[in-house]
Amino acid sequence: MTTSDGTIDLAESPRLRWRPYAVTAGRIALAILLLVAWKLGADAAGELYAADPIEVAQRIVADTLSGELIWNTYVTLRLSAIGFVLGCAAGIALPFLLRRSPRLTDAVEPYIMASVGIPKYALIPLFILWFGINDAPKLWLVGLLVFYVVFIAVFAGIRSVDRRLMNMARVLGASEAMISREVIWNSLLPFFFAALKIALPRAVSAAIIGEFLVGNEGLGFMIENARNNADTTGVFAGIVVATALVLVINGVLEAIDRRVNAWRPTDRHMEL
Amino acid sequence: MTAQPLLEVRGLSKRFAARAGRDPSPWVIQNLSFSVSEGEFLTIVGPSGSGKTTLLNMLAQIDVASGGEVRFQSRAAPVGDPKALNPGLSCQIGYVTQEDNLLPWRTTIENVLFPLRVQGRLNDATRARAEMLIRTVGLAGFQDHYPHELSGGMRKRASLIRTLVYDPPVILMDEPFGALDAQTRTHLQEDLLRLWNLGRKTIIFVTHDIAEAIALGDRTLVLSRAPAQIAGEHAITIPRPRDVRGILTHPAFAGLYERIRAQVQ
């Protein structure tokens, strides 16, 4: 909108003022459109191939009330969480250890980078062979997937730390441990959160895939069991719940990210 | 001048390590010698690229010398091996760098208290001192702002008092006011002289501004173009306390300025 003196006045533009509401309305309309498309598609394909969204919703309510869904969600969440914590701890600790010895880093780095290329899901049979039919092979799978994402991000983050800040901290009397905690850790937080945004959904996916193959509980088992019984509605219900789980985890992560990185300049303060 | 200098530089040389497959890099500093006595305000002027920052980095033991020696209180700094360095010489040498190097995720007060915290000296007395310094340099009301919310001059002040707060006996300053406008710069020069008068620390102040070197220093060294050597040495006899704003009209100023300018090339 152009005012009389020829300048563009953003605050007064009615189009911009209504923009947030328009976006929300658009999103709701899109959601309704997708649900209608799902319903029409399900009706056309037949109930063996695509479940009816209303039946899926009813199934989710019924399984929630019976407690079965809550238990299975808890099992999957616990598995993802433990695997995530283990993989994440190793993914943070290893780059910090390697930092102490540049020579060891140079020696080890190509091997670590080569091992990134191993398809982790293909290792499940080996994990079952080595660790048996219990939670251990699933934890290894989740842990490994999380480890690589976190390791690569933290490793790159440590390399990108401003040397001048580190030298400044040394001159001011900070020990190496304090520099790690204060300067390096805070510098690599953006890298770390970027990694978490990939690693957390992956942890849940890996747990579900592990449950397809091993065990008799969890969302993965629930989906696989429904498929065995030609219960397409059950498969869809499992997928919807797993998706919702990932969305909730992402929401929590975003909130933590905003809190931790509150100091960061926003667009308003951006200096050019 | 006392007989035993606090800081002594003798035959100091520096060249950076050659990259693989290239000729060795040229000498940045070659055979540089000077000394600083306790309580002295030494200013060093030189053209850009004359190795001034490199010199201060070696004095602060952030960087290692390639040859010669640096002695602080008669103890020599390691030569050649970067791992043997002791940056800041156990908090005895403070360093106000060219960039403010504030921690961007810490507020002003947290940045100022940072050295006290890592040195384990955070108590009511040192906290009060930090508050006093913040007021002295006009940062009151900005304690809880992050560095990106401060102006360039405010960040400079914060980085200056971050070093003053833990009271190191020697302070190195690398063109700390270089990027500021004339008004702010004069303000900070006055702040610095006032703070120096309170404590009379040993200060080595690097600048490319000849007027600043004269206004602040007891003595001015002129560095030549790289490889840096001493091109001249001038005692600044203008009595203290000095008026930074009025120094340009002091009768001794013009002569000093001309003599130094003739040596800075």
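Residues numbered from 1 in each chain as written. Chains lettered and ligands numbered in written order. Predicted model: local features only at pLDDT ≥ 70, side-chain atom pairs only at ≥ 80, totals over all residues.

Asker: So, the overall build of chain A: which residues are in play, and what are the values?
Answerer: Of the regular secondary structure elements, chain A holds 11 helices and 0 strands. Mapped from its N terminus to its C terminus, chain A presents α and β elements in the order α-α-α-α-α-α-α-α-α-α-α. Taking the principal axes of the C-alpha coordinates as reference, chain A spans close to 75 × 70 × 30 Å. The burial tally for chain A puts 31% of its 272 residues in the buried class. Summarising the internal contacts of chain A: among those between residues at least 6 apart in sequence, 70% fall at separations of at least 24. (Helix = DSSP H or I, 4+ residues; strand = E, 2+ residues; numbered from the N terminus. Buried ≥ 20, exposed ≤ 12 C-beta atoms within 10 Å, placed from the backbone. Contact = placed C-beta atoms within 7 Å.)

Asker: Go over the overall build of chain B, please, and point to the residues and values.
Answerer: Scanning chain B from terminus to terminus reveals 7 helices and 10 strands. For chain B, the C-alpha radius of gyration of 19 Å lies close to 18 Å, the compact-globule estimate for 265 residues. Summarising its shape, the C-alpha atoms of chain B cover approximately 50 × 50 × 40 Å along the three principal directions. With 265 residues in all, chain B has 40% of them scored as buried. Across chain B, the fraction of contacts at a sequence separation of at least 24, relative to all contacts at a separation of at least 6, is 71%. (Rg over C-alpha atoms; globule rule 2.2 N^0.38 Å.)

Asker: Any details on the sheet that holds strand E4 (residues 67–72) of chain B? Residues and values, ideally.
Answerer: Residues and elements named next belong to chain B. The 4 strands lie next to each other as E2-E1-E4-E5, forming an open sheet whose pairing is antiparallel. The open sheet has two edge strands, strand E2 (29–36) and strand E5 (75–76), and neither has a second partner. As defined by bridge partners, strand E1 (residues 7–14) adjoins E4 across 5 bridges and the pair is classed as antiparallel. When the sheet's bridge partners are listed, serine 13 is paired in E4 with glycine 67. On the sheet, helix H1 (residues 52–59) packs against E1, E2 and E4 and is oriented at approximately 125 degrees with respect to E1. (Pairing = 2+ DSSP bridges. Axes fitted to C-alpha atoms, helices over the stretch in contact; angles between N-to-C directions.)

Asker: Can you break down the packing of helix H9 (residues 176–213) of chain A against helix H10 (residues 219–228) of chain A residue by residue, with the values?
Answerer: Residues and elements named next belong to chain A. Following both chains from N to C, one finds H9 and H10 inclined at 50 degrees, their axes separated by 7 Å at the closest point. Accordingly, the angle class assigned to the pair H9 and H10 is oblique. The interaxial crossing formed by H9 with H10 has right-handed handedness. Across the interface between the two elements, Ala207, Ile208, Ile209, Gly210, Glu211 and Phe212 of H9 pack against Leu219, Gly220, Phe221 and Glu224 of H10. Here the residues of the contact of H9 with H10 sort into 6 nonpolar, 2 polar and 2 charged. (Parallel < 35°, antiparallel > 145°, perpendicular 65-115°, else oblique. Left-handed = near helix turned anticlockwise from the far one by under 90°. Nonpolar A, V, L, I, M, F, W, Y, C, P; charged D, E, K, R; others polar.)

Asker: So what about the sheet that holds strand E6 (residues 93–96) of chain B? Which residues, and what values?
Answerer: Residue and element names in this part refer to chain B. Taken in spatial order, the 6 strands line up as E6-E7-E8-E3-E9-E10 in an open sheet, and their pairing is mixed. Either end of the sheet is taken by a strand with one partner, and the two such strands are E6 and strand E10 (230–235). Neighbour-to-neighbour, the strand axes of the sheet open up by a mean angle of 15 degrees, direction not taken into account. Here 5 bridges tie strand E7 (residues 170–174) to strand E8 (residues 202–207), and the two strands are oriented parallel to one another.

Asker: Describe the environment of alanine 81 of chain A, naming the residues involved and giving the relevant values.
Answerer: All names here are of chain A. Secondary-structure assignment places alanine 81 in helix H4 (residues 68–99). C-beta crowding within 10 Å serves as the criterion here: with 16 such atoms nearby, alanine 81 is assigned to the partly exposed category. Sequence-wise, alanine 81 and alanine 207 are 126 residues apart; in three dimensions their C-alpha atoms are separated by 9.4 Å.

Asker: Describe helix H3 (residues 124–136) of chain B, and please don't skip the residues or the numbers.
Answerer: Residue and element names in this part refer to chain B. Compared with the 18 Å implied by 1.5 Å per residue over 13 residues, the 18 Å span of H3 between its first and last C-alpha is a close match. Elements that come into contact with the buried residues of H3 comprise helix H2 (108–118) and helix H4 (152–164). Phi turns positive one or two residues past the end of H3, at glycine 138, with a value near 75 degrees. (Expected span 1.5 Å × (residues − 1).)

Asker: Residue-level account of the confidence of the model for chain A, with values.
Answerer: In this model, chain A carries an average pLDDT of 89, and 92% of its residues clear a pLDDT of 70 or more. Scored below 50 in pLDDT, residues 267–272 of chain A makes 3 contacts in the model with residues more than four places away or belonging to other chains. (pLDDT = per-residue confidence, 0-100.)

Asker: Please provide a residue-by-residue account of the interface of chain B and chain A, values included.
Answerer: Listed by partner, the interface residues are 19 residues for chain B and 14 residues for chain A. Of the residues forming the side of chain B that touches chain A, the biggest block, 3 residues, is contributed by H2 of chain B. Here the residues of the side of chain B that touches chain A sort into 12 nonpolar, 5 polar and 2 charged.

Asker: Any details on unusual backbone geometry? Residues and values, ideally.
Answerer: Residues and elements named next belong to chain B. At the junction of arginine 240 and proline 241, the peptide bond is cis and its omega measures out at -5 degrees in the coordinates. Checked against the element boundaries, proline 241 lands in the loop between E10 and helix H7 (253–263). Phi at leucine 89 is positive, roughly 45 degrees, even though this residue is not glycine. Here leucine 89 falls in the buried class, since 20 other C-beta atoms lie within 10 Å of it. In this structure, aspartate 167 takes a positive phi of about 60 degrees despite not being glycine.

Asker: Break down the nonpolar core for me, with residues and values.
Answerer: All names here are of chain A. Residues Val142, Val146, Val150 and Ala203 are the most contacted members of the largest nonpolar core, which totals 118 residues. With 15 residues, helix H7 (residues 135–159) is the largest single contributor of residues to this core. Apart from residues lying up to four places away in sequence, alanine 203 is in contact with Ser80, Gly83, Phe84, Val142, Leu145 and Val146. (Core = buried A, V, L, I, M, F, W, Y, C linked by C-beta atoms within 7 Å.)

Asker: Let's hear about the packing of helix H3 (residues 53–66) of chain A against H4 of chain A: which residues, and what values?
Answerer: Residue and element names in this part refer to chain A. Interaxial distance between H3 and H4 falls to 4 Å at its minimum, and their mutual angle equals 85 degrees. Of the possible angle classes, the one that applies to H3 and H4 is roughly perpendicular. For the pair formed by H3 and H4, the contact residues are Ile60, Asp63, Thr64 and Ser66 on the first element and Glu68, Leu69 and Ile70 on the second. A class-by-class count of the residues in the contact of H3 with H4 yields 3 nonpolar, 2 polar and 2 charged.

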